[in-house]
Amino acid sequence: MTRTPGTTVKTTCPYCGVGCGVLATLEEGGAVTIKGDPDHPANFGRLCSKGSALGETVDLDGRLLVPEIDGSRASWDDALDLVAAKFAEAIAEHGPDSVAFYVSGQLLTEDYYVANKLMKGFIGSANIDTNSRLCMAASVAGHRRAFGSDTVPGTYEDLELADLVVLTGSNLAWCHPVLYQRIAAAKAARPEMRIVLIDPRRTMTADLADLHLPIAPDGDVSLFLGLLAHLADNGFVDEAYVAAHTSGIEQALDVARAQDLKDLAAQTGLSVTQLEQFYALWAGAEKVVTVYSQGVNQSRNGTDKVNAIINCHLATGRIGRPGMGPFSVTGQPNAMGGREVGGLANTLAAHMEIENPVHRDRVQRFWKSPVIAQKPGLKAVDLFQAMGDGRIKALWIMATNPVDSMPDAGAVEAALAACPFVVVSDIMAETDTIRHAHVKLPSLGWGEKDGTVTNSERRISRQRAFLAAPGEARADWWQMAEFGKRMGHSEAFDFAGPAAVMREYAAQTAFENNGTRDLDIGACADMDDQAYDDLQPFQWPRPARDMSISPDTRFFANGGFFTPDRLARFVAVAPPQTVPDRTGHRFTLNTGRIRDHWHTMTRTGKSARLSAHIAEPFAEIHPRDAKLLNIGTADLVRVESARGEVVVRALITDRQREGTIFVPMHWTDQWASSARVDRLVAPVVDPVSGQPALKNTTVGLSRFEASCYGFVVSRNKPAMLRADYWAMARTVAGWRAEFALAGAQADIRDLVCTLLGLDPATPLLSLADPRSGLTRYAAFDGVRLVGAFYLSDRPVSVSRNWAADQLEQDFANLSSRWQVIAGRPASDMPDKGAIVCACMNVGINDIVGAIRSGCSSVDTVATTTGAGTNCGSCKAEIRGILHEHQIIAAE
Ligand code: SF4
């Protein structure tokens, strides 16, 4: 549905699993104004930098707008007929397990539901898996082992009510910023609240922490085993809860007690004092929430980590009551919705189990389907390996970019290239994945699509359309339903719209469910379309048989687990075996997110202000490691494993644990020459959940030897093919790019024209100083700067954000053009430096200037500069800058 300009639509942010409510207003002329929804219970009006910039990502630049077959425009009918014919052919010749869907936590629940129904109930295979496998499959498996169901017991409010919040493997400040802000506000109101951060890196989240435990990679199981033993040995076990509602504590304690504190210190890389401090804090706080996300899940023993945490909460009965419980925070906006409708290869719809014949029968009867998958399908890593060895003949990818995000991404790309038939549904025309598609199908993007998502606290919210569908783009659920009809299942896939899909899904959650399954939203089964459109955010369960909705939707305070005997299970997990390293490399690679980009940047990469925070891929390296390897500030470095290499900028910081490296996951071949970090990662998975270990790969590190380094700003998209290293980002009026050359350049002027997309005869302003190795060029078109080029035999020194801003300036005054050549503003002109606050466009130089003029707190810096006064995501960095500069001032 398209709204008229001026109307404000309540919708939901499409990025992280916090699931913030958004007010989107379509303005006259097409601009979109974004505000946080003050009534949404996830965020109460707050948004982070990414959410605030949503209006800058909805343009049609680069969008896929029509279906294509083999690169040529096609009609929807022709494209879908071909897809159906190819899938039918593969199924007829090789069986239903020769085809697969690889979908995404970006899909809406309605999209996911139709895709899962089609694959498991009508094709008869469970080969549908999702990029959520990379995100939180270990949490799903841990929940199911302990609770008998994939239930998140608590709510976001618990994070505010807790006396102790333990954040483990979670850089909440950057990855779930609004939750971080909620905790920060709670701590400001109750300073006695304690926060512990468990992370090998001292991330920005440490800003809030009373205690940071820089744990060794994968030391979490040992840490929580030690905690369980400490709780038991010091009288903190809630005997009544354990006796009434759990089983298996003895076996879990046997394993936990097998190690003493010295063993645990060796396994965790922490001191005995740190362990004792943490255990005393945890034991002494009745209201404790343990929050965990990808640092726990993305591990070869991720499920054991989850159960090691849950064991401690079960032992103390600290679960399901206000301010208490284990709390898995999902990375994606609808990872939870996908889990609910069975988007994982090893689950059925509506939280039913594929291994359970009663559940299979029930699902099949509900769908009236001709078949039902009899066994789990291929999980993500297995799926692409099966494709690599020829077992998968046809694959449909929706809303995800596995060529960049999967481990062993080079092998994934090779498998896709060799697959006989690949369909990709996406919003973008150019991604590293879609270039391998035989059929490209244009999907609706955020603001255009209509449906529901579930956030990390089980809250279902509407994503509402307020923009017209562009070109011939169509909803993902519609694409799957049309495909289903062409596969001969017209009646089962005859959905009038997303509301009809939701009604069916809601009815399925209630089908033969008498309280024995956690997920029940039967109250939504009879909603009419208007009620669906008006649906307010709510937490499940919301069963039809009980219309009086309890305000407390927590689970398990009084037991009632979803195992056959309704008892929770302690799981006797053990520390992982040490895997001998035979690579000869000595660094541990950790991957993850940065504050202002999302996944593979197909949307956030469009925003100049989000790109201004960190504009280039980097490797965080501890100073001692850098010194040993002769790596200097802003050098380029090569990070390599047996599977490949990336070249990124060195960021030398003691935030990083010695012997470890952090490289962000966002940069693809669309944005950089060689920064697809998941190419380096081995396809090692957690054996229980199948989740890949994306945070612990052994790699080598060395300086990248460049003959010269360059930087350009340009109105045209820079053509980087001649550079040995490059990384580019959007600016308000064009582009900026870093580059480096490995060999000598004979004709610099020719290089300038090539990079900037200029005619070779274009007049150029230039300066070359052979003694200092500096070369600079600028091109103007009338009074406008077209491009500027800076080259040096060292990492080039230019005020980058200032230079990018010059693309918007008027250069009628000819002498001012030399300032562009200088690469920095005149002394009487402001230079913001690197952007810290993306919302208010405040740079580090502004903040340092404020500190030098007497600001001594985040609040006074905010008052003086405006930094941190909108979404607040940058406050931790401001505090870091304050700390650094106040120390310097005091020295
Ligand atoms: Fe979106 Fe930020 Fe909220 Fe996550 S925290 S849902 S990215 S606004």
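Here the structure is a predicted model, which is why all the values come from computation and not from measurement.

1. Details of the pattern of salt bridges
A side chain of one charge can pair with a side chain of the opposite charge when the charged atoms of the two come close.
Next up, step 1: Per the counting criterion, the structure on display carries 62 salt bridges.
Next up, step 2: In this structure, arginine 569 and aspartate 565 form a salt bridge, with 3.0 Å as the shortest nitrogen-oxygen distance.
Next up, step 3: Residue arginine 569 is classed as partly exposed on the basis of its relative accessible area, which comes to 25%.
Next up, step 4: For aspartate 596, the salt bridge goes to arginine 595, with nearest N and O atoms at 2.8 Å.

2. Quick notes on the packing of helix α16 (residues 357-367) against helix α21 (residues 498-510)
Next up, step 1: Here α16 crosses α21 at 145°, and the two axes come no closer than 11 Å. By crossing handedness, the relation of α16 to α21 is classed as right-handed. Listed contacts from α21 to Val363, Phe366 and Trp367 of α16 are Glu504, Ala507 and Gln508.

3. Describing the sheet that holds strand β12 (residues 288-292)
Each strand in a sheet pairs with another by means of backbone hydrogen bonds, the pair being arranged parallel or else antiparallel.
Next up, step 1: Strand order in the open sheet made by the 5 strands is β10-β9-β8-β12-β13, with parallel pairing throughout. Of all strands in the sheet, those bounded by a partner on one side alone are β10 (211-213) and β13 (325-328). Each strand of the sheet is rotated relative to its neighbour by a mean of 15°, with strand direction disregarded.

4. A word on the site of the ligand
Next up, step 1: With respect to spatial proximity, the complete set of residues near the ligand consists of Cys13, Tyr15, Cys16, Val18, Gly19, Cys20, Leu47, Cys48, Lys50, Gly51, Pro177 and Val178.
Next up, step 2: Those elements that provide at least two residues to the shell around the ligand are α1 (49-52) and α7 (177-189).
Next up, step 3: Among the residues making up the shell around the ligand, the classes are represented as 9 nonpolar, 2 polar and 1 charged.

5. Observations regarding the packing of helix α8 (residues 220-233) against helix α10 (residues 249-256)
Next up, step 1: As a packed pair, α8 and α10 sit with axes 8 Å apart at the nearest point and diverge in direction by 115°. In terms of axis orientation, α8 runs roughly perpendicular to α10. α10 is crossed by α8, and the crossing has left-handed handedness. Taking contact as the criterion, the partners of Leu225, Leu228, Ala229 and Ala232 in α8 are, on α10, Ala252, Leu253, Val255 and Ala256.

6. With respect to helix α2 (residues 76-94)
Next up, step 1: For α2, which comprises 19 residues, the first-to-last C-alpha distance of 27 Å matches the rise-based estimate of 27 Å (1.5 Å per residue) to within 8%.
Next up, step 2: Restricting attention to buried positions, one finds in α2 the residues Trp76, Ala79, Leu80, Val83, Ala84, Phe87 and Ala90. Mapping the buried residues of α2 onto a view down its axis gives an arc of 130°, with all of them on the same face. Those residues of α2 that are exposed and angled more than 90 degrees off the buried face are Ala92 and Glu93.
Next up, step 3: Next to the buried residues of α2 lie β4 (68-69), β6 (99-103), β14 (394-398), β15 (421-426), β16 (439-442) and α20 (476-486).

7. Considerations on unusual backbone geometry
Next up, step 1: For the bond from tryptophan 540 to proline 541, the omega torsion is 10°, close enough to zero to count as cis.
Next up, step 2: Mapped onto the fold, proline 541 is located in the loop between β19 (538-539) and β20 (568-569).
Next up, step 3: Positive phi, close to 50°, is recorded for aspartate 70, a residue that is not glycine.
Next up, step 4: Within the fold, aspartate 70 resides in the loop between β4 and β5 (72-73).

8. Points about the environment of histidine 436
Next up, step 1: Its place among the elements puts histidine 436 in the loop between β15 and β16.
Next up, step 2: For histidine 436, a relative accessible area of 18% corresponds to the buried category.
Next up, step 3: Taking the C-alpha atoms as reference points, histidine 436 and valine 798, 362 residues apart in sequence, are found 38 Å from one another.
Next up, step 4: If near-sequence neighbours (up to four positions away) are discounted, histidine 436 is found in contact with Val403, Glu413, Leu416, Ala417 and Val422.

9. Examining the sheet that holds strand β18 (residues 459-463)
Next up, step 1: The sheet built from 3 strands is open, its strands ordered β17-β18-β19 with antiparallel pairing. Here the strands that pair on one side only, and so sit at the sheet edges, are β17 (451-454) and β19.

10. So, helix α4 (residues 133-147)
Next up, step 1: Helix length check: α4, at 15 residues, gives a terminal C-alpha distance of 20 Å against a target of 21 Å (1.5 Å per residue), a fit within 8%.
Next up, step 2: Within α4, 13 of the 15 residues are buried, which leaves the element mostly enclosed by the surrounding structure.
Next up, step 3: Of the residues flanking the end of α4, it is glycine 148, one or two places downstream, whose phi is positive at about 80°.

Rules used throughout
- Residue numbers run consecutively from 1 along every chain, following the written order of its sequence.
- In keeping with the predicted nature of the model, local features appear solely for residues at pLDDT of at least 70, side-chain atom pairs appear and are counted solely at 80 or more, and the whole-chain, interface and lining totals rest on all residues.
- For side-chain calculations, the full set of non-hydrogen atoms in the structure is used, while hydrogens and water are omitted.
- What makes a salt bridge here is a side-chain nitrogen of Lys or Arg within 4 Å of a carboxyl oxygen of Asp or Glu, nothing more.
- Throughout, exposure labels follow a simple rule: accessible area from a 1.4 Å probe, protein chains only, divided by the maximum for the residue type, with under 20% read as buried, over 50% as exposed, and the rest as partly exposed.
- To get an axis, a line is fitted to the C-alpha atoms, and for a helix only the part in contact is used. The angle between two axes follows their N-to-C directions and goes from 0 to 180 degrees.
- Only runs of H or I of at least four residues qualify as helices and only runs of E of at least two qualify as strands under DSSP, and these elements are numbered from the N terminus.
- Note on convention: the crossing is left-handed when the near helix lies turned anticlockwise from the far helix by less than a right angle, right-handed when the turn is clockwise.
- Any two residues whose heavy atoms approach within 4.5 Å are treated as being in contact.
- Strands were regarded as paired on the criterion that DSSP finds at least two bridges between them.
- Only heavy atoms are used to decide nearness, and a residue is near a molecule or strand if one of them lies within 4 Å of it.
- Put simply, Ala, Val, Leu, Ile, Met, Phe, Trp, Tyr, Cys and Pro go in the nonpolar bin, Asp, Glu, Lys and Arg in the charged bin, and everything else, Gly too, in the polar bin.
- Should an angle fall under 35 degrees it is taken as roughly parallel, and over 145 as roughly antiparallel, whereas 65 to 115 is taken as roughly perpendicular and any remaining angle as oblique.
- Here a helix's expected span is defined as the number of its residues, less one, multiplied by 1.5 Å.
- Of all possible arcs, the one meant is that of the directions from the helix axis to the C-beta atoms.

All we've got here are geometric facts, nothing functional implied.
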